[in-house]
Amino acid sequence: MPKMQRIVKPKTQRAKRALEERAPKLIENTKTALFVKGGHTSEVITQVLRDVYSLKKPNAVLFKKKNVLRLFDDQTPMEFFSEKNDAALFMYGSHSKKRPHNLVIGRCYDHHVLDMIELGVQQFKSLSEFKNAKCSAGIKPCLLFSGEAFDQDHDYKRLKNLLVDFFRGPVITNVRLAGLEHVIHFVAMDGKIFMRSYRVVLKKSGSRTPRVEMEEIGPSLNLAMGRIRLASEDLFKKAMKQPKQVKIKKIKNMSRDVFGTKHGRIHMQKQDLGNLQIRKMKALKRKPEKPDTPTKKMKTEP
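In short, a report on the structure. (Residues numbered from 1 in each chain as written. Predicted model: local features only at pLDDT ≥ 70, side-chain atom pairs only at ≥ 80, totals over all residues. Heavy atoms only, no water.)

We now examine a positive patch on the surface. Side chains of Lys238, Lys241, Lys244 and Lys247 sit close together on the surface and give a patch of like positive charge. Relative to the helices and strands, Lys238 is located in helix 6 (residues 233-240). Overall, the relative accessible area of 53% leaves Lys238 in the exposed class. (Patch = residues over 30% accessible without salt bridge, like charges linked within 9 Å, V, L, I, M, F, W, Y side chains within 5 Å. Areas by Shrake-Rupley, 256 points an atom, 1.4 Å probe, with all protein chains shown as cover. Salt bridge = Lys/Arg side-chain N within 4 Å of Asp/Glu carboxyl O. Lys, Arg positive; Asp, Glu negative; His and termini not counted. Charge placed at Lys NZ, Arg CZ, Asp CG, Glu CD. Helix = DSSP H or I, 4+ residues; strand = E, 2+ residues; numbered from the N terminus. Buried < 20%, exposed > 50% of the residue type's maximum accessible area, 1.4 Å probe, protein only.)

Set out below in structure tokens:
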């Protein structure tokens, strides 16, 4: 006989609020990322995890203790961490002779590993090596992707989708110019992925539009793709499925252009302007034409 799952009711208000926060919603919360150190890590990997964690704060959890995991053989421990911390994203760092300075970035669906990609760190410059001002914590970054591989190669397409999901932050509807402060740029070239982080600086230009400059703030990473474990197409479509209540219903004869301006099309019957009612004015009235009267000849005295 199968074992029935016991439903535990919360005994305190704090536990009730925690369960309500984790309950399924039509519009999900901002995804939390886990940063886990392996059993043996190098200084490079440790600093990479700290720097990326600083970019993801406050929607991130950094594990201080080491955890020996073999994600491509057994994903059960990571799924346990995901369910315990209510996190859908993870980054795992390790170091070995066979795979030096190794990162594994991935995500979960329903607290089960959906897909993950292994990235080897070949070159790294930390945040502390750039002696300049940094962006404020928790700001939403602007993500840029360059390279034909992100549009043509299937694995790079999935990597792009994973990176967008990892770094996008909270979902917003409007952006003001002064709020565009942080830019993360990914370049795919010669079989490598280059990650650069910039701070947007607005300077005076003598006109209403400011002059925009980009200042590199770190971290700077040169990555090489390693092992890949991707979800099947059916499972990927299932994870991307949205409830009907969230989908925007398409309005007939309504469209929006690239700038977000709404355009509407109205269908009208042919109008007969002959019966159009207009305001009666003297200037618009037709006056009857007067017949030409013969001019009288003036009498002249003899």
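Taken as a whole and assessed by the stated rule, the structure comprises 11 salt bridges. In this structure, Arg199 engages Glu215 in a salt bridge whose closest nitrogen and oxygen atoms are separated by 3.1 Å. A residue pair is termed long-range when its members are at least 10 positions apart, and Arg199 in strand 8 (residues 192-203) and Glu215 in strand 9 (residues 211-216) qualify at 16 residues. Here the salt bridges share partners, and the residues they tie into one network are Lys31, Arg107, Asp115, Asp165 and Arg168.

One finds Phe35, Met91, Phe166, Phe167 and Phe186 to be the most contacted residues of the largest nonpolar core, which totals 30 residues. Of the residues forming this core, the biggest block, 6 residues, is contributed by helix 5 (residues 154-167). If near-sequence neighbours (up to four positions away) are discounted, Phe166 is found in contact with Ala33, Phe35, Val52, Lys56, Leu89, Phe90, Met91 and Ile105. Counting residues in each nonpolar core, the second largest holds 14 residues, with Leu34, Phe81, Ala87 and Phe90 among its members. (Core = buried A, V, L, I, M, F, W, Y, C linked by side-chain atoms within 4.5 Å. Contact = heavy atoms within 4.5 Å.)

Here we come to the packing of aromatic side chains. Across all of its chains, the model carries 9 aromatic pairs by this definition. A centroid spacing of 5.9 Å and a plane angle of 55° characterise the contact between Phe80 and Phe81, whose relative ring orientation is tilted. Take Phe81: its relative accessible area is 14%, and that puts it in the buried class. One residue, Lys56, lies across the ring of Phe166, its end atom 5.5 Å from the ring centre. (Phe/Tyr/Trp six-rings, centres within 6.5 Å; stacked < 30°, edge-to-face > 60°. Lys NZ or Arg CZ within 6 Å of the ring centre and 35° of its normal.)

With 14 residues, helix 5 extends 20 Å from end C-alpha to end C-alpha; this agrees with the ideal 20 Å at 1.5 Å per step. For helix 5, every residue scored as buried is listed here: Tyr156, Arg158, Leu159, Leu162, Leu163, Asp165, Phe166 and Phe167. Between the side-chain oxygen of the N-cap and the backbone nitrogen of Asp155 there are 3.0 Å, and the N-cap of helix 5 in question is Asp153. One or two positions beyond helix 5, positive phi appears at Gly169, with a value near 75°. (Expected span 1.5 Å × (residues − 1). Polar contact = N/O pair within 3.5 Å; in protein donor to acceptor, adjacent residues only side chain to side chain.)

Attention now moves to the environment of Ser82. Of note, Ser82 is situated in helix 3 (residues 76-85). Classification of Ser82 by relative accessible area gives buried; the value is 1%. For the pair Ser82 and Tyr109, spaced 27 residues apart in sequence, the C-alpha to C-alpha distance is 9.7 Å. Those residues in contact with Ser82 that lie beyond four places of it in its chain are Leu34, Ala87, Cys108 and His111.

For strand 3 (residues 89-94), the buried fraction is high: 6 of the 6 residues fall into the buried class. Residues Leu89, Met91 and Gly93 line one face of strand 3 and the alternating positions Phe90, Tyr92 and Ser94 line the opposite face, and both faces are buried. Here 5 bridges tie strand 1 (residues 33-37) to strand 3, and the two strands are oriented parallel to one another. Along strand 3, the bridge assignment pairs Ala33 with Leu89. Bridging between strand 3 and strand 4 (residues 102-109) involves 6 bridges; their strand directions are antiparallel. Each bridged residue has a counterpart across the sheet, and for Met91 the counterpart in strand 4 is Ile105. (Pairing = 2+ DSSP bridges.)

What follows is about the pairing of strand 8. It is a general feature of regular strands that their side chains alternate between the two faces of the sheet. With 8 bridges connecting them, strand 7 (residues 182-189) and strand 8 associate as antiparallel partners. Each residue of the ladder has a partner; that of Phe186, found in strand 8, is Met195. Between the antiparallel neighbours strand 7 and strand 8 lie 2 residues, among them Asp190 with a positive phi of about 55°. Of the pairings in the sheet, the one linking strand 8 to strand 10 (residues 220-229) comprises 4 bridges and is antiparallel in character. Paired with Lys192 across the bridge in strand 10 is Ala224.

Next up on the list: unusual backbone geometry. A cis geometry characterises the amide bond from Lys57 onward to Pro58, with omega recorded as 5°. Turning to its location among the elements, Pro58 is positioned in the loop between helix 2 (43-56) and strand 2 (60-66). Backbone geometry at His101 places phi at a positive 50°, although glycine is not the residue there. Owing to a relative accessible area of 23%, His101 belongs among the partly exposed residues under this scheme. Notably, His111 is not glycine yet its phi reads approximately 60°, a positive angle. Relative to the assigned elements, His111 resides in the loop between strand 4 and strand 5 (112-125).

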